[in-house]
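Per-entry structural report
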Amino acid sequence: MEKKVAIRNLSFEQLKAEMLAAGEPAFRAKQVYEWIWKKAARSFDAMGNIPKTTREWLSEKFSLQIVTTAEAQYSSDRTIKSSFQLHDNNLVEGVLIPTRERVTACVSSQVGCSLTCSFCATGYMDRKRNLESFEIYDQVVLIRDQAQEKYGQALTNIVYMGMGEPLLNYANVLKSIEQITSPEGLGMSPRRITVSTAGIAKMIQKLGDDQVKFNLALSLHAANDTKRNQIMPINESNTLQALKAALLYFFEKTGNEITLEYIVFNKFNDTIEDARELYEFAKGIPCKINLIEYNPIAQSSFVNAEADAIAKFSAFLESKRMIVNIRRSRGRDIDAACGQLAGKKAPADA
């Protein structure tokens, strides 16, 4: 039996060519494309204005490879963590983060991760594969629908901060953002999308060359190479000097917002000297700094810095006229907070 083609990997022109070759009128391709993307159809049978014979042909030739919600967990702070099952039974996790000001979808870009950051649960998993662009798209759609159903709120923001390193799945991540922002897709503004990277200098430069419209966040967590090498092995081949040059290049090419993410670990990177090093790194980069509470994981001995240490750290940076936000943990009680995603829940029917 001939293997079915993943229909959502086809461009509109490719889909139209397939349908014209099968004797379908050109307008039918537009209808199907709208069902696939704008209406996020979960099956070919759901395509109400498509003739039954055409739906049967589509079903025989193509697959939608939809992502489904295997399990959802609800936090006391209204955060929802979902375990999403892919067509090959792999699992990834995504998170709905509702606040008064915004409703954010945090999505994954890989099954597992290859970067082995010592403080991150995903870093202790193997990287099994990259996600297809439509698998990232589906996470956004499912979280969007969740926000509407559970809280009656519209999705306002998307962060690529779930499982995996987005810049190691570059083509699919950019394609997913193109589909999410397209009028033929979800029509979201790229200014409401942030891609977070552990720091791959040449790929940050490539984002600049491609003149992307979305925002960039760098997971920094230490502002000297010795410390950063300890917790993020990627730093050995992407030094702070190389990263700073790449961030400046990115901003010069795009003018887009840059965020430096800095988890404050107790007795590791929480002193005024550490704050001074962070200031020296950030100085000259048009950026804001997010100080992030650490969310403990079983595999690591790191703990969150004391509140007093974080306050002093923040005050030092503010005295240097840096823009600083202290990010409180969300969804910690269901392992949905930053660094805790591990895809460890089994499918509901397993």
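An unreviewed UniProt entry lists the chain under the name Probable dual-specificity RNA methyltransferase RlmN, from Aquirufa novilacunae. Reading the Sequence similarities (unreviewed entry) entry of the UniProt record for the chain gives the comment "Belongs to the radical SAM superfamily. RlmN family." As its UniProt record puts it under Subcellular location (unreviewed entry), the chain is described as follows: "Cytoplasm".

Counted by the stated rule, this structure contains one cavity of 30 Å³ or more. In terms of lining, the largest cavity is formed by R8, I36, A40, A41, R42, I66 and D138. In terms of residue class, the lining of the largest cavity is made up of four nonpolar, no polar and three charged.

In the numbering used here, UniProt assigns the "binding site: S-adenosyl-L-methionine" (unreviewed entry) feature to G164, E165, S196, S219, L220, H221 and N295. On the accessibility criterion, L220 (0% relative accessible area) is buried. When neighbours within four sequence positions are excluded, L220 is seen to be in contact with R228, M232, L240, E261, L278 and F281. Mapping H221 onto the fold places it in the loop between β11 (215–219) and α7 (225–231). Residue classification places H221 among the buried residues on the basis of a relative accessible area of 3%. Setting aside anything within four residues of it in sequence, one finds H221 in contact with F119, I231, M232, E261, Y262, I263, F265 and N269.

As a further point, take the confidence of the model for the chain. Mean pLDDT over the chain: 91, with 92% of residues reaching 70 or higher. In the predicted structure, residues 345–350 sits below a pLDDT of 50 and forms twelve contacts with residues beyond four places in sequence or in another chain.

Roughly 210 Å³ of volume is contained in the second largest pocket. Considering the residues around the second largest pocket, the lining is formed by R8, N9, L10, S11, Y33, W37, K175, E178, Q179, S182, E184 and G185. With three residues, the single largest contributor to the lining of the second largest pocket is helix α5 (residues 170–181). Its residues placed into classes, the lining of the second largest pocket shows three nonpolar, five polar and four charged.

Our next topic: the sheet that holds strand β14 (residues 323–327). Sheet strands pair via backbone hydrogen bonds, and the direction of the pair is either parallel or antiparallel. Pairing is mixed across the open sheet formed by ten strands, whose spatial order is β3-β4-β5-β6-β9-β10-β11-β12-β13-β14. Edge positions in the sheet fall to β3 (68–74) and β14, since each of these pairs with one other strand and no more. For this sheet the average axis-to-axis angle between neighbouring strands, irrespective of direction, equals 20°. Strand direction decides the pairing type here: β11 and strand β12 (residues 258–263), joined by four bridges, are parallel. Within β12, the residue paired with L218 across the bridge is L260.

The next thing to look at is the pattern of salt bridges. A full pass over the atoms with the stated rule returns 17 salt bridges. A salt bridge links E24 to R28; its shortest N-O distance comes to 3.8 Å. The same class applies to E24 as to R28, namely buried. Between K283 and E280 there is a salt bridge, with the nearest N and O atoms lying 2.9 Å from each other. Owing to a relative accessible area of 38%, K283 belongs among the partly exposed residues under this scheme. Residues joined by salt bridges that share partners form a network here, namely D88, R129 and E135.

This part covers the pairing of strand β4 (residues 80–85). With respect to burial, β4 is a largely interior element, six of its six residues being buried. Side-chain alternation along β4 places I80, S82 and F84 on one buried face and K81, S83 and Q85 on a second face that is also buried. By the bridge criterion, six bridges tie β3 to β4 in an arrangement that is antiparallel. Considered in β4, the bridge of E71 is made with S83. A loop of five residues connects β3 with β4, the two strands running antiparallel in sequence, and R78 in this loop sits at a positive phi of about 80°. The pairing of β4 with strand β5 (residues 91–98) spans six bridges and is antiparallel. Within β5, the residue paired with S83 across the bridge is E93. Taking the residues that link successive antiparallel strands as the turn, the β4-β5 hairpin has five residues, and the phi of N89 there is positive, at about 75°.

This paragraph deals with the packing of helix α9 (residues 272–282) against helix α10 (residues 307–319). It is the contact of α9 with α10, at a shortest axis distance of 9 Å, that shows an interaxial angle of 35°. You can see that α9 and α10 cross each other, and the crossing is right-handed. Listed contacts from α10 to I272, D274, A275, R276, L278 and Y279 of α9 are K312, F313, F316 and L317. Classifying every residue of the contact of α9 with α10 by side-chain character gives seven nonpolar, no polar and three charged.

In this section: the packing of aromatic side chains. Tallied over the entire structure, the rule returns ten aromatic pairs. Ring centres of F12 and Y33 lie 5.4 Å apart, and the angle between their planes is 70°; on these two criteria the pair is classed as edge-to-face. Of this pair, F12 sits in helix α1 (residues 12–21) while Y33 sits in helix α2 (residues 26–36), and the two are 21 residues apart along the sequence. According to the relative accessible area criterion, F12 is partly exposed, its value standing at 23%. Centre to centre, the rings of F268 and F302 are 5.5 Å apart; their planes meet at 70°, and the pair counts as edge-to-face. Of this pair, F268 sits in the loop between β12 and α9 while F302 is found in the loop between β13 (287–292) and α10, placing the two residues 34 residues apart along the sequence. Residue F268 shares its accessibility class with F302, and that shared class is buried. Among the aromatic side chains, those forming a connected cluster through ring pairs are F12, Y33, W37 and Y137. Taking the ring centre of W37 as reference, the NZ or CZ of R8 above it sits at 6.0 Å.

Cut-offs used in this document
In this convention, every chain numbers its residues from 1, walking through the sequence in written order. Reporting in this predicted model follows two pLDDT cut-offs: at least 70 for local features of residues, and 80 or more for side-chain atom pairs to be given and counted; totals over whole chains, interfaces and linings ignore these cut-offs and use all residues. To get the side-chain values, take all heavy atoms of the structure and skip hydrogens and water. UniProt positions are given in the numbering used here, feature names are shortened, and annotations may be inferred rather than shown by experiment. Only protein atoms enter the 1 Å grid used here, on which a cavity is any set of points holding a 1.4 Å probe that cannot leave and a pocket is any open set flanked by protein within 12 Å on both sides along at least five of seven lines; residues with an atom within 4 Å of a point are listed as lining. Grid points are joined across faces, edges and corners, and a volume is the space filled by probe spheres set on the points. Polarity classes work like this: nonpolar for Ala, Val, Leu, Ile, Met, Phe, Trp, Tyr, Cys and Pro, charged for Asp, Glu, Lys and Arg, and polar for all others, with Gly in that last group. Throughout this description, buried means an accessible area under 20% of the type-specific maximum (1.4 Å probe, protein chains only), exposed means over 50%, and partly exposed covers the range between. Any two residues whose heavy atoms approach within 4.5 Å are treated as being in contact. Each helix corresponds to a stretch of at least 4 residues labelled H or I by DSSP, and each strand to a stretch of at least 2 residues labelled E; elements are numbered beginning at the N terminus. Confidence of the predictor in every single residue is expressed as pLDDT, which spans 0 to 100. When DSSP finds two or more bridges between a pair of strands, those strands are recorded as paired. Note on geometry: axes are lines fitted to C-alpha atoms, helical ones only across the stretch in contact, with angles between N-to-C directions running from 0 to 180 degrees. Should a side-chain nitrogen of Lys or Arg be within 4 Å of a carboxyl oxygen of Asp or Glu, the pair is scored as a salt bridge. Should the near helix be turned anticlockwise from the far one by less than a right angle, the crossing is termed left-handed; should it be turned clockwise, right-handed. Between rings of Phe, Tyr and Trp, where Trp is taken as its six-membered ring, a pair exists when centres lie within 6.5 Å; planes separated by under 30 degrees are stacked, by over 60 edge-to-face, and by other angles tilted. Any Lys NZ or Arg CZ that is within 6 Å of a ring centre and within 35 degrees of that ring's normal is treated as a charge sitting over the ring.

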